[in-house]
Amino acid sequence: LHAQQNARDARILLEQVAREKEVARQMAIEEIKSQWSVAKSLSNDGVDEAALQALESLSATLKAAPKSSEVAAINRSTAAELVKIRKRLADRKTKIIKLQGAQAATIIEAERRRARTTQDAQVRVLLGNAQRAYDSRNYKAASKYSERVLALSPGNRQAASMKRLALQESYRDRISRL
């Protein structure tokens, strides 16, 4: 009788572990999709340096990702997008090199100021969106907004903390539904 109970308990425990493992796998794939979405959005917005960083980070993540057709498609798209952004950056650098002396320096500084101002404004808006999503228990959206902030500002502690909290709450919600 004890042996049967122990076997039943072991089976239940193994089933629980399998469900939790599947939830973790699904969340990893969702995280990859989120990173891809952020990187693509940055690329579409013309924030090439941040998009390049996000795509390179995603490429590293993809190497350890669970195997699925979705992950394979994102891997191919990431490689293609990296080529496209590197070409745009190289083209921009070539144009700048062709300009002479002070004119080039003035243009470069103006571009940097414009990019910083735009990026700072984007970070503020995205952090606000992340907080509102988190407060309304939309942890997936909070994580995505935080991921976008981290792509624009990799050292942003507020975004990193928000992302971590959103992922923890999302995991807790999923486990509690098992």
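The helix and strand inventory of the chain stands at six helices and zero strands. Secondary structure elements of the chain occur, N-terminal to C-terminal, as α-α-α-α-α-α. Its C-alpha atoms put the chain at 90 × 35 × 20 Å along the principal axes. The buried share of the chain, reckoned over its 178 residues, is 32%. Look at the contacts in the chain between residues 6 or more apart in sequence, and 67% of them connect residues 24 or more apart. If you sum the accessible surface of the chain, you get close to 11,300 Å²; carbon and sulfur atoms cover 55% of it. Of the charged side chains in the chain, 34 are positive and 20 negative; the average position of the first set lies 3 Å away from that of the second.

Taken as a whole, this structure holds 16 salt bridges when the rule is applied. One salt bridge connects lysine 40 with glutamate 81, and the closest N-O pair in it is separated by 3.0 Å. Here glutamate 81 lies in helix H3 (residues 69-98) and lysine 40 lies in helix H1 (residues 2-44), a separation of 41 residues in the sequence. Relative accessible area serves as the criterion here: at 26%, lysine 40 is assigned to the partly exposed category. Among the residues examined, glutamate 81 registers a relative accessible area of 5% and is labelled buried. Here aspartate 48 makes a salt bridge to arginine 88, at a shortest N to O gap of 2.4 Å. Here aspartate 48 is found in helix H2 (residues 48-63), whereas its partner arginine 88 is found in helix H3, with 40 residues between them in sequence. Taken together, the shared-partner salt bridges in this structure form one network comprising Asp48, Glu49, Arg88 and Arg92.

Our focus in this paragraph is the environment of leucine 42. Here leucine 42 is to be found in helix H1. Judged by relative accessible area, which is 0%, leucine 42 ranks as buried. In this structure the C-alpha to C-alpha distance between leucine 42 and leucine 55, which are 13 residues apart in sequence, comes to 9.8 Å. Apart from residues lying up to four places away in sequence, leucine 42 is in contact with Val47, Ala50, Ala51, Ala54, Arg148, Ala151 and Leu152.

Phi at arginine 137 takes a positive value of approximately 65 degrees, unusual for a residue other than glycine. Positionally, arginine 137 belongs in the loop between helix H4 (101-135) and helix H5 (139-152).

Moving on: the nonpolar core. Residues Ile32, Leu42 and Leu152 are the most contacted members of the largest nonpolar core, which totals 28 residues. Elements with a contribution of two residues or more to this core: H1, H2, H3, H4 and H5. Ranked by the residues each element gives to this core, the list is headed by H2, at seven residues. Those residues in contact with leucine 152 that sit more than four places away from it in its chain are Leu42, Val47, Ala50, Gln119, Gln122, Val123 and Leu126.

Parameters at a glance
- Residues numbered from 1 in each chain as written.
- Predicted model: local features only at pLDDT ≥ 70, side-chain atom pairs only at ≥ 80, totals over all residues.
- Heavy atoms only, no water.
- Helix = DSSP H or I, 4+ residues; strand = E, 2+ residues; numbered from the N terminus.
- Buried < 20%, exposed > 50% of the residue type's maximum accessible area, 1.4 Å probe, protein only.
- Contact = heavy atoms within 4.5 Å.
- Areas by Shrake-Rupley, 256 points an atom, 1.4 Å probe, with all protein chains shown as cover.
- Lys, Arg positive; Asp, Glu negative; His and termini not counted.
- Charge placed at Lys NZ, Arg CZ, Asp CG, Glu CD.
- Salt bridge = Lys/Arg side-chain N within 4 Å of Asp/Glu carboxyl O.
- Core = buried A, V, L, I, M, F, W, Y, C linked by side-chain atoms within 4.5 Å.

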